[in-house]
Amino acid sequence: MTAVLETLVQVCGLLAIALAVRVVVDAWLDVPYAVLLVLVGVVISLLRIDIGLRLSTDVIIGFVLPIILFDGVVELDRTALRENVAVPLTLVVLGIPLAVVLLGPIIDLAFGLSIGVSLLLAAILVPTDPVAVLSVFEELDVPERLTIVIDSESLFNDGVAIVIVDVILALLAAGTEPMSGLEIAEFVITDLLVVSLGGFLLGCGLGYGATRFIHRLPERMAILLVTVLVAYGSYVLAESGGVSGILATVGAGLFVKLDADDGIGPDAVEFVRDIWSGGAFLLSTVVYVLIGVQVPIDTLTVYLPAALLVAVFVLLVRAVVVYVLVGAVNEIVSRPLPRSYQHVLVSGGLHTVVPIALALGLPPWVPHREFVQAVVFGVAIIGALVQGTLLPSILRAIGLGERATGVAEPSSRRNGDSP
């Protein structure tokens, strides 16, 4: 069997497993699809079955994330996003640094790793993943405003968290060269502003230009090619220029306008949107299974108590960040975010794809690398198992979700009417 044919067999096997999981979830279980995929992967890992496929940082961040993030941003209801941007923007710009600053010293105090490694672990764990949460929202009658807030926060926090991790790694690598507190602060702020804002603005410019070009292309295949080029091209150009590729992709998606106007027919728009949604779904399906498959069972067994403790720390810090910052935003906006929505922001904050990608990509010289990787995998699995499976019950308990009836509508990010 050739290598290509063997890979195709392995991918088909994963998709067959995913199909079986989807059927089971739809028919019998009230568990998020993405969460169950991770748990199936963990079972495969426990059984020591080698499926021959592995995830890497480059594959997740360079290949998978641009598709998932670009599709997510393009699908967002722009009007609803503008009306509710204050909360997700605050949670990204202020919440991520605050979470790292709070979580890092707590981890250092509990395990004595050194403050640098503790802050690194905190920064890796901060990004939240909406896929599992939104899969529940599709099944339940959850308010559109809550969906927009959770979705938009997670789409933007990935890029910011990746930049913070890179900055901390750079500081750790330069640990032998003494730097004053002022020099460290200047280095961190400059890198965060230049890398994050530079990547985002580059993507916005490319997205705007792509939109102007798309409106001159009524043919649907040409439109699809332009969107693929701008999604990956923005990432490649940004990374080549030393700024954030992920935020460039997000910025590009934010400014790409796929609406049935200016000569673009509704059939062409629907075709392009469906291709992107299908691609994002297939990639995320494979990734979630492989996350479970790559759980280092032997190492995780050793560090399981630490992973459990860190999972509690992460949840507590998430609660502090959400309740404090959202409470502050509520004092100055005309439409405060209800407390029940804040509860879901806390309980639905799963930490899977991006944290695991960052953990897998840690260079060998990082102190306590094995501990950090095991804890990140542990927090991801514990969050999926506990928070993910309890989320439907939590939504119902606080009165935010009843199972929808009838034929499902298209993605809620396309057409939402906020409460």
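Here the residue index of a chain counts from 1 through its sequence in written order. Selection of residues for local features in this predicted model requires a pLDDT of at least 70, selection of side-chain atom pairs for listing and counting requires 80 or more, and totals for whole chains, interfaces and linings are taken over all residues. In computing side-chain values, all of the structure's heavy atoms are included and hydrogens and water are not.

An unreviewed UniProt entry lists the protein chain under the name Sodium:proton exchanger, with Natrinema pallidum as the source organism. UniProt positions are given in the numbering used here, feature names are shortened, and annotations may be inferred rather than shown by experiment. The record held by UniProt for the protein chain lists under Subcellular location (unreviewed entry) the comment "Cell membrane".

## Comments concerning the overall build of the protein chain
Numbering goes from the N terminus for both helices and strands, where a helix is a DSSP run of H or I of at least four residues and a strand is a run of E of at least two. Check the secondary structure of the protein chain and you find 16 helices and zero strands. Looking at the 419 residues of the protein chain, the share that counts as buried comes to 53%. Restricting to contacts in the protein chain with at least 6 residues of sequence separation, those with at least 24 account for 82%. Only the protein chains shown count as cover for residues, with accessible areas throughout obtained via the Shrake-Rupley method and a probe of 1.4 Å. Just so you have it, the protein chain exposes about 18400 Å², and 68% of that area is on carbon and sulfur atoms. Partly exposed describes any residue whose relative accessible area lies between the buried limit of under 20% and the exposed limit of over 50%, with all areas from a 1.4 Å probe on protein chains only and scaled to the type maximum. Contact definition: two residues touch when any of their heavy atoms are within 4.5 Å.

## Comments concerning helix H14 (residues 339–347)
Most of H14 is tucked away, with seven of its nine residues classed as buried. Looking only at H14, the buried set comprises Ser340, Tyr341, Gln342, Val344, Leu345, Val346 and Ser347.

## Describing the packing of aromatic side chains
Each pair of aromatic rings taken from Phe, Tyr and Trp, with Trp reduced to its six-membered ring, is defined by centres within 6.5 Å and is described as stacked if the planes are under 30 degrees apart, edge-to-face if over 60, and tilted in the remaining cases. The final tally for this structure, using the stated rule, is five aromatic pairs. Their ring planes at 45° and their centres at 4.7 Å tell us that Phe70 and Trp276 sit as a pair that is tilted. Of this pair, Phe70 sits in helix H3 (residues 57–75) while Trp276 sits in helix H12 (residues 266–293), placing them 206 residues apart in sequence. Three or more aromatic residues link up through ring pairs in this structure, and these residues are Phe111, Tyr303 and Phe371. The ring of Phe271 carries Arg220 above its face, with NZ or CZ at 4.2 Å from the centroid. Criterion for a charge above a ring: Arg CZ or Lys NZ at most 6 Å from the ring centre, at most 35 degrees from the ring normal.

## Quick notes on the pattern of salt bridges
Definition used for salt bridges: Asp or Glu carboxyl oxygen within 4 Å of a side-chain nitrogen of Lys or Arg. Counted by the stated rule, this structure contains four salt bridges. Between Arg54 and Asp50 there is a salt bridge, with the nearest N and O atoms lying 3.8 Å from each other. The pair formed by Arg54 and Asp50 is uniform in burial state, with each residue classed as exposed. Residues Glu75 and Arg273 are paired through a salt bridge, measuring 3.3 Å at the closest nitrogen-oxygen approach. With Glu75 in helix H3 and Arg273 in helix H12, the pair connects residues that are 198 residues apart, well separated along the chain. When sorted by exposure, Glu75 lands in the same class as Arg273, which is buried.

## A closer look at unusual backbone geometry
The phi dihedral of Ser114 is positive, around 110°, even though this residue is not glycine. The topology assignment puts Ser114 in the loop between helix H5 (86–111) and helix H6 (115–125). On the basis of relative accessible area, Ser114 is assigned to the partly exposed category, the value being 34%. Located in the positive-phi region is His368, a residue other than glycine, with phi close to 60°. Here His368 is to be found in the loop between helix H15 (353–360) and helix H16 (369–397).

## Examining the packing of H6 against H16
Note on definitions: angles span 0 to 180 degrees between N-to-C directions of axes, and those axes are lines fitted to C-alpha atoms, for helices only across the stretch in contact. Running from N to C, H6 and H16 cross one another at 30°; their axes reach a closest spacing of 11 Å. Classified by the angle their axes make, H6 and H16 are roughly parallel. Our pair here, H6 against H16, has a crossing hand that is right-handed. On H16, the residues that touch Val117, Leu121, Ile124 and Leu125 of H6 are Phe371, Val372, Val375, Val376 and Val379. Here the term charged refers only to Asp, Glu, Lys and Arg, the term nonpolar to Ala, Val, Leu, Ile, Met, Phe, Trp, Tyr, Cys and Pro, and the term polar to all other amino acids, Gly among them. Of the residues assigned to the contact of H6 with H16, the class counts are nine nonpolar, no polar and no charged. Any angle from 65 to 115 degrees is called roughly perpendicular, while one under 35 is roughly parallel, one over 145 is roughly antiparallel, and all others are oblique. Whether a crossing is left-handed or right-handed is set by the direction in which the near helix is turned from the far one by less than a right angle, anticlockwise for left-handed and clockwise for right-handed.

## Quick word on a nonpolar patch on the surface
Residues enter patches when their relative accessible area tops 30% and they take part in no salt bridge; the joining distance is 9 Å for like charges and 5 Å for the nonpolar side chains Val, Leu, Ile, Met, Phe, Trp and Tyr. Residues Val4, Leu5, Leu8 and Val9 make up a contiguous nonpolar surface patch of about 370 Å² in total accessible area. Position of Val9 among the secondary structure elements: in helix H1 (residues 3–27). A residue is classified by how much of its surface remains accessible, and Val9, at 47% relative accessible area, is partly exposed.

## Examining the packing of H5 against helix H8 (residues 144–173)
Helix-helix packing is characterised by the crossing angle of the two axes and by the distance between the axes. Close contact between H5 and H8 brings their axes to 9 Å; oriented N to C, the two are set at 30°. As summarised for this structure, H5 and H8 are arranged roughly parallel, according to the angle between their axes. In this structure, H5 crosses over H8, and the sense of that crossing is right-handed. Taking contact as the criterion, the partners of Val87, Pro88, Leu91, Val92, Ile96 and Pro97 in H5 are, on H8, Val149, Ser152, Glu153, Phe156, Asn157, Val160, Ala161 and Ile164. A class-by-class count of the residues in the contact of H5 with H8 yields 11 nonpolar, two polar and one charged.

## Some points on the confidence of the model for the protein chain
Looking at the protein chain, the pLDDT average stands at 85 and 88% of residues meet or exceed 70. Between residues 404–419, whose pLDDT stays under 50, and residues either more than four places distant or in other chains, the model counts 34 contacts. On a range of 0 to 100, pLDDT expresses the predictor's confidence in each residue.

## Considering the environment of Leu202
For Leu202, the location among the structural elements is in helix H9 (residues 181–214). As for Leu202 and Ser244, which are separated by 42 residues in sequence, their C-alpha atoms are 9.4 Å apart. Aside from chain neighbours lying at most four places away, what touches Leu202 is Ser234, Leu237 and Ala238.

## Side note on the environment of Ala80
With respect to the secondary-structure elements, Ala80 resides in helix H4 (residues 78–83). Placed 64 residues apart in sequence, Ala80 and Glu144 show a C-alpha to C-alpha distance of 8.4 Å.

## Looking at the environment of Ser240
Following the sequence through the fold, Ser240 ends up in helix H10 (residues 220–240). According to the relative accessible area criterion, Ser240 is exposed, its value standing at 62%. Among the polar contacts made by the side chain of Ser240, one reaches the main-chain carbonyl oxygen of Val236 at a distance of 2.8 Å. Polar contacts, as used here, are pairs of N or O atoms within 3.5 Å; protein pairs need one atom able to donate a hydrogen and one able to accept it. Residues neighboring in sequence count only if both atoms are side-chain atoms.

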